[in-house]
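Here is what each chain is made of, one letter per residue.
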Amino acid sequence: MKAALKEQILTVLAEIPPGRVTTYGRIAAMTEGGTPRLVARALRELPAGHGLPWFRVITASRRLAEHPGADEQRRRLIDEGVAFDARGRVVPERMWP
DNA sequence: CGTTTGACGCGGC
DNA sequence: AGCCGCGCCAAAC
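These lines cover the structure that appears in this document, whether it is placed above or below.

What counts, and where the lines are drawn
- Residues numbered from 1 in each chain as written.
- Chains lettered and ligands numbered in written order.
- Predicted model: local features only at pLDDT ≥ 70, side-chain atom pairs only at ≥ 80, totals over all residues.
- Heavy atoms only, no water.
- Salt bridge = Lys/Arg side-chain N within 4 Å of Asp/Glu carboxyl O.
- Helix = DSSP H or I, 4+ residues; strand = E, 2+ residues; numbered from the N terminus.
- Core = buried A, V, L, I, M, F, W, Y, C linked by side-chain atoms within 4.5 Å.
- Buried < 20%, exposed > 50% of the residue type's maximum accessible area, 1.4 Å probe, protein only.
- Contact = heavy atoms within 4.5 Å.
- Axes fitted to C-alpha atoms, helices over the stretch in contact; angles between N-to-C directions.
- Parallel < 35°, antiparallel > 145°, perpendicular 65-115°, else oblique.
- Nonpolar A, V, L, I, M, F, W, Y, C, P; charged D, E, K, R; others polar.
- Near = heavy atom within 4 Å.
- Polar contact = N/O pair within 3.5 Å; in protein donor to acceptor, adjacent residues only side chain to side chain.
- Arc of directions from axis to C-beta.

Right, let's get into the pattern of salt bridges. Considering all chains together, one arrives at 5 salt bridges under this definition. The residue Arg56 makes a salt bridge to Glu80 at a minimum N-O spacing of 2.5 Å. Of this pair, Arg56 sits in the loop between α3 (36–44) and β2 (57–58) while Glu80 sits in the segment after α4 (70–79), and the two are 24 residues apart along the sequence.

Structure (structure tokens):
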């Protein structure tokens, strides 16, 4: 994948404030030529120990995507004060922007 | 080089 | 309000 695009994706990711979440699609829309799938791929390929808030990225339906780290993601979001409704969806007020 | 494969999204139904 | 099908596109095979 193009280095410039990956750089943009990671830049946007780093700007998500603590306690807020955004979607793969929104991040894609803030980049040039980005698509939701490419954003997901970029996150998947992140090396361990990077400091980026990968856990603040959720799906357009405001649920957690299915992946090996979903459990940890849910914990970390709750630790940041992100609330989930009874159906497991993040409350709209926590969406960023 | 053709196929398959997804941390997705959207429009129909 | 969910589910399904299709589009998407770089990577792995």
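So, next bit.
Once that is clear, we can look at the nonpolar core. Counting 25 residues, the largest nonpolar core has Leu13, Val21, Ile27, Leu43, Val57, Ile58 and Leu77 as the members making the most contacts within it. Residues in contact with Ile58, not counting those within four places in the same chain, are Val21, Thr22, Thr23, Tyr24, Arg63, Leu64, Gln73, Leu77, Val90 and Met95.

Attention now moves to the packing of helix α1 (residues 3–14) against α3. The contact between α1 and α3 brings their axes to 10 Å, and the two run at 80°. Viewed along their axes, α1 and α3 adopt a mutual orientation that is roughly perpendicular. Across from Leu5, Ile9 and Leu13 in α1, the residues of α3 making contact are Leu38, Val39, Ala42 and Leu43. Looking at side-chain class alone, the contact of α1 with α3 contains 7 nonpolar, no polar and no charged residues.

On to the protein's contact with DNA strand B. Inspection of the region around DNA strand B gives 15 residues, with Gly25, Arg37, Trp54, Ala60 and His67 positioned closest. Counting only the atoms of DNA strand B that lie within 4 Å of the protein, the sugar and phosphate share comes to 46%. Gly25 has a polar backbone atom sitting 3.1 Å from a phosphate oxygen of DNA strand B. Looking at the surface near DNA strand B, the elements that each hand over two or more residues are α2 (24–29) and α3.

To continue, consider the protein's contact with DNA strand C. Every residue lining DNA strand C is accounted for by Met1, Arg37, Leu38, Arg41 and Arg87. Close to the protein, within 4 Å, the atoms of DNA strand C belong to sugar or phosphate groups at a rate of 58%. A distance of 2.8 Å separates a base nitrogen of DNA strand C from a polar side-chain atom of Arg41. Here the residues of the surface near DNA strand C are counted per class, giving 2 nonpolar, no polar and 3 charged.

As a further point, take α4. Taken together, the buried positions of α4 are Ala70, Gln73 and Leu77. Buried residues of α4, seen end-on, are gathered within an arc of 50° and therefore sit on one face of the element. Opposite its buried face, α4 presents the exposed residues Arg75 and Asp79, each directed more than 90 degrees away. Each element contacted by the buried residues of α4 is listed here: β2.

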